[in-house]
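Residues per chain, in single letters:
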Amino acid sequence: MMKYCYAGKENDREKAFQPIWSNDIDAVFSDVARYYDRANIFATLGLLNTLQDRFISTIDIQPSHKVLDVCAGTNVIGINLLKRQPNLDVHAVDRSVAMQEVGRDRATRHGFQIKSYISDVHRLPFPDNHFDVVTLQWATRHLRVIEVFSEINRVLKPGGHFHHCDMLRPANKLVEKMYYLYLKVLMGVIPRLFRSGPASMKCRNYFIQAIRMFYSTEELSTILSELGFSHINGRSVLGGAVGFHKARKPPLPSQI
Ligand SMILES: C[S@@+](CC[C@H](N)C(=O)[O-])C[C@H]1O[C@@H](n2cnc3c(N)ncnc32)[C@H](O)[C@@H]1O
């Protein structure tokens with residue numbers, strides 16, 4: 001871990017958040033699963049679908065591609081990719097049974113089948129060089145980034161692509177300040193509006209702290225580069241409050 005530029009920051013994040021990641025996150029998403037999609041639309045003032053559509057439109061897929069959605073939650077990514085290309089082989093991995101149950105029901109309603117794996121994503125339950133495309137949306141703040149991105153690199157086929165989207169720490173100080181203010185208001189309103197349970201109430205401050213201690217678009221690009229990804233394209237959206245990244249696992253010499 002020490003050879004990485006952000007190894008120290010990863011240690012700080014782990015020290016600050018490991019008790020929540022180990023003890024509380026599953027209970028939060030069990031509680032949130034029933035209103036997760038509605039709350040996200042509310043929290044982004046209706047912008048969520050536009051943001052997700054923009055992100056999903058950057059994902060290159062071909063018929064029969066094997067796709068893995070990491071921290072798949074309610075299967076937003078898998079369902080949208082299958083709408084674009086019904087011949088995909090889509091796999092979803094997440095630790096929350098409740099989120100995946102909502103995701104399975106949503107996929108079934110659309111007539112799609114997504115293979116579900118309940119697992120912690122710091123060790124992905126798949127062989128090396130297995131997927132053409134891996135996606136990860138709205139979850140990296142809750143993870144040990146270097147470990148999970150290394151695992152994603154491992155399971156991607158040479159030449160395969162990783163597409164990432166999350167709320168990031170804006171590089172601009174003024175945007176950052178306004179962003180935290182907005183999140184603070186939201187964390188006051190959402191639990192009341194959606195009648196959150198005790199686990200979500202307990203983690204209200206965590207959701208802001210997780211972004212304060214998170215990465216900017218540029219920093220995430222550095223992590224991807226240090227892990228051996230190539231063709232890294234990091235794009236800041238909403239003043240850097242959200243970032244889209246696309247990166248490639250280098251192809252084998254025989255593929256070039
Ligand atoms: C905010 S939701 C995002 C869901 C989905 N990717 C989306 O775009 O809507 C975060 C998800 O990450 C999952 N998660 C958090 N930490 C995890 C871990 N260590 N292993 C597996 N899943 C995890 C949660 O269970 C939750 O479903």
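Analysis parameters
- Residues numbered from 1 in each chain as written.
- Predicted model: local features only at pLDDT ≥ 70, side-chain atom pairs only at ≥ 80, totals over all residues.
- Helix = DSSP H or I, 4+ residues; strand = E, 2+ residues; numbered from the N terminus.
- Rg over C-alpha atoms; globule rule 2.2 N^0.38 Å.
- Buried ≥ 20, exposed ≤ 12 C-beta atoms within 10 Å, placed from the backbone.
- Expected span 1.5 Å × (residues − 1).
- Bend = angle between axes of the 7 residues up to and from the residue.
- Pairing = 2+ DSSP bridges.
- Right-handed = clockwise from strand over helix to strand, strands pointing away.
- Contact = placed C-beta atoms within 7 Å.
- Near = placed C-beta within 6 Å.
- Nonpolar A, V, L, I, M, F, W, Y, C, P; charged D, E, K, R; others polar.
- Axes fitted to C-alpha atoms, helices over the stretch in contact; angles between N-to-C directions.
- Parallel < 35°, antiparallel > 145°, perpendicular 65-115°, else oblique.
- Left-handed = near helix turned anticlockwise from the far one by under 90°.
- Core = buried A, V, L, I, M, F, W, Y, C linked by C-beta atoms within 7 Å.

Draft legend 1. Here's a closer look at the overall build of the protein. Across its full length, the protein carries eleven helices and seven strands. Its C-alpha radius of gyration of 18 Å places the protein within 12% of the 18 Å reference for a compact globule of 256 residues. For the C-alpha atoms alone, the extent of the protein along its principal axes is close to 55 × 45 × 30 Å. Within the protein, the fraction of its 256 residues that count as buried is 36%.

Draft legend 2. Fine view of helix H1 (residues 7-23). Here H1 is 17 residues long and its end C-alpha atoms lie 23 Å apart, about the 24 Å a rise of 1.5 Å per residue gives. Phe17 marks the point of greatest bend in H1, at about 60 degrees, and the proline Pro19 comes within the next four residues.

Draft legend 3. Geometry of the pairing of strand E5 (residues 156-167). Judged by how many residues are buried, E5 sits mostly within the fold: nine of twelve residues are covered. Note that strand E4 (residues 131-137) and E5 share six bridges and pair parallel. Counted as the bridge partner of Leu136 is His164 from E5. Handedness of the β-α-β unit built from E4, helix H7 (residues 145-155) and E5 comes out right-handed. Examined bridge by bridge, E5 and strand E7 (residues 242-248) share seven bridges and lie antiparallel to one another. Its bridge partner being in E7, Met167 is matched across the sheet by Val242.

Draft legend 4. Looking closely at the environment of Ile223. Inspection of the secondary structure puts Ile223 in helix H11 (residues 217-226). Expressed as a C-alpha distance, the spacing of Ile223 and His130, which sit 93 residues apart in the sequence, is 22 Å. Ignoring any residue separated from it by four or fewer positions in sequence, one finds Ile223 in contact with Tyr6, Val145, Ile146 and Phe149.

Draft legend 5. How the structure looks around the site of the ligand. Not every one of the 20 residues close to the ligand is listed here, only the nearest: Cys71, Gly73, Arg95, Ser96 and Gln137. Of all the secondary-structure elements, those providing two or more residues to the shell around the ligand are helix H2 (25-32) and helix H5 (76-84). Split into classes, the residues belonging to the shell around the ligand amount to eleven nonpolar, six polar and three charged.

Draft legend 6. Examining the sheet that holds strand E2 (residues 89-94) more closely. Spatial ordering of the open sheet is given by E3-E2-E1-E4-E5-E7-E6, a layout of seven strands whose pairing is mixed. The open sheet has two edge strands with one neighbour each: strand E3 (115-118) and strand E6 (230-237). Strand-to-strand, the axes of this sheet are offset by a mean angle of 15 degrees, without reference to chain direction. Inspection of the sheet shows strand E1 (residues 66-70) paired to E4 by four bridges, in the parallel sense.

Draft legend 7. Focus on the pairing of E3. With four bridges joining them, E2 and E3 adopt parallel strand pairing. Within E3, the position partnered with Asp94 by the bridge is Ile118. In this view, the connection linking E2 to its parallel neighbour E3 by way of helix H6 (residues 97-109) has right-handed handedness.

Draft legend 8. Geometry of unusual backbone geometry. Backbone geometry places Leu45, a non-glycine residue, at a positive phi of 50 degrees. Looking at where Leu45 falls in the secondary structure, it is placed in the loop between helix H3 (36-43) and helix H4 (48-57). The class of Leu45 is exposed, set by 9 C-beta atoms lying within 10 Å. Non-glycine residue Asn75 carries a positive phi angle of around 65 degrees. Tracing the sequence through the fold places Asn75 in the loop between E1 and H5.

Draft legend 9. Spatial organisation of the packing of helix H8 (residues 173-193) against helix H10 (residues 204-212). Running from amino to carboxyl end, H8 crosses H10 at an angle of 155 degrees, the nearest separation of the two axes being 9 Å. One element, H8, and the other, H10, form an angle in the roughly antiparallel class. In this structure, the crossing between H8 and H10 has a hand that is right-handed. The segment H8 lies against H10, with Tyr180, Leu183, Lys184, Met187 and Pro191 engaging Arg204, Phe207 and Ile208. Its residues placed into classes, the contact of H8 with H10 shows six nonpolar, no polar and two charged.

Draft legend 10. Representation of the nonpolar core in the model. Core analysis: the largest hydrophobic core is formed by 56 residues, its most contacted members being Val70, Val134 and Ile152. Not counting chain neighbours up to four residues away, the residues in contact with Val70 comprise Val93, Val121, Val134, Thr135, Leu136 and Ile152.

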